[in-house]
Amino acid sequence: MQEQSLPSEKIRVRVLISGIVQGVGYRYSTFNQARSIGINGWVRNLDDGRVEAVFEGSQAEVAAMISWCEKGSPAAVVKDVAVEYESLEGIEDFSIKRGSY
């Protein structure tokens, strides 16, 4: 009898990163890291100085991105990463959203 592996279940999280995370290449570094891991979603700056990101991928991929966010880009000083699980939307790439929201 051949054993079948279960497909890796995809999940979605929304993260809010606070600290010195704007003007330090955080969004671009997040973009590059997400692309290298294979995560889908987006990242953007918020008017209050935080960075918001959505990640969709396997549990391991998303966990790796959350862990990366706690450190961030070399010039960033991350104070907090708040994580909220959401319903999967099926985003098919990773992008940087522009403008204030």
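Below you will find a few notes about this structure. Quick caveat, the model's predicted, so the values are computed rather than measured.

We now examine the sheet that holds strand E1 (residues 10–20). Pairing within the open sheet is mixed, and its five strands lie in the order E4-E1-E3-E2-E5. Each edge of the open sheet is held by one strand with a lone partner, namely strand E4 (77–86) and strand E5 (94–96). Within this sheet the neighbouring strands show an average axis-to-axis angle of 20°, counted without direction. Across eight bridges, E1 lies against strand E3 (residues 51–58) in antiparallel orientation. Directly across from leucine 16, in E3, lies its bridge partner glutamate 52. Where helix H2 (residues 59–69) meets the sheet, it contacts E1, E3 and E4, and its direction lies at approximately 155° from that of E3.

What follows concerns the environment of glutamate 86. Along the chain, glutamate 86 turns up in strand E4. Assessed through its relative accessible area of 28%, glutamate 86 is described here as partly exposed. Taking the C-alpha atoms as reference points, glutamate 86 and glutamate 56, 30 residues apart in sequence, are found 9.6 Å from one another. Here glutamate 86 is in contact with Arg12 and Arg14, once residues within four sequence places are set aside.

Put simply, side chains in a regular strand alternate between the two faces of the sheet. Taken across its eight residues, E3 has eight buried, putting it largely inside the fold. Sheet topology places strand E2 (residues 40–45) next to E3; six bridges connect them, and they run antiparallel. Looking at E3, one finds that asparagine 40 is bridged to glutamate 56.

All right, on to the packing of aromatic side chains then. The tally for this structure, following the rule as stated, stands at three aromatic pairs. Considering the side-chain rings of tyrosine 26 and tryptophan 68, the 5.6 Å spacing of their centres and the 50° angle between planes classify their relative orientation as tilted. Here tryptophan 68 lies in helix H2 and tyrosine 26 lies in helix H1 (residues 26–37), a separation of 42 residues in the sequence. Each member of the pair tyrosine 26 and tryptophan 68 is classed as buried. On the numbers, 6.2 Å between centres and 55° between planes, the contact of phenylalanine 31 with phenylalanine 94 is tilted. Note that phenylalanine 31 is positioned in helix H1 and phenylalanine 94 in strand E5, a separation of 63 residues in sequence. Residue class for phenylalanine 94 comes out buried when judged on its relative accessible area of 2%. Joined through ring pairs, the aromatic side chains of Phe31, Phe55 and Phe94 make up one cluster.

For the rest of this paragraph, the subject is the pattern of salt bridges. This structure, assessed with the given rule, holds seven salt bridges. For aspartate 48, the salt bridge identified is with arginine 50, shortest N-O distance 2.8 Å. By relative accessible area, which is 28% here, arginine 50 ends up partly exposed. Each of Arg12, Glu56, Glu86 and Glu89 takes part in one network of salt bridges that share partners.

Rules and cut-offs
Residues numbered from 1 in each chain as written. Predicted model: local features only at pLDDT ≥ 70, side-chain atom pairs only at ≥ 80, totals over all residues. Heavy atoms only, no water. Pairing = 2+ DSSP bridges. Helix = DSSP H or I, 4+ residues; strand = E, 2+ residues; numbered from the N terminus. Axes fitted to C-alpha atoms, helices over the stretch in contact; angles between N-to-C directions. Contact = heavy atoms within 4.5 Å. Buried < 20%, exposed > 50% of the residue type's maximum accessible area, 1.4 Å probe, protein only. Phe/Tyr/Trp six-rings, centres within 6.5 Å; stacked < 30°, edge-to-face > 60°. Salt bridge = Lys/Arg side-chain N within 4 Å of Asp/Glu carboxyl O.

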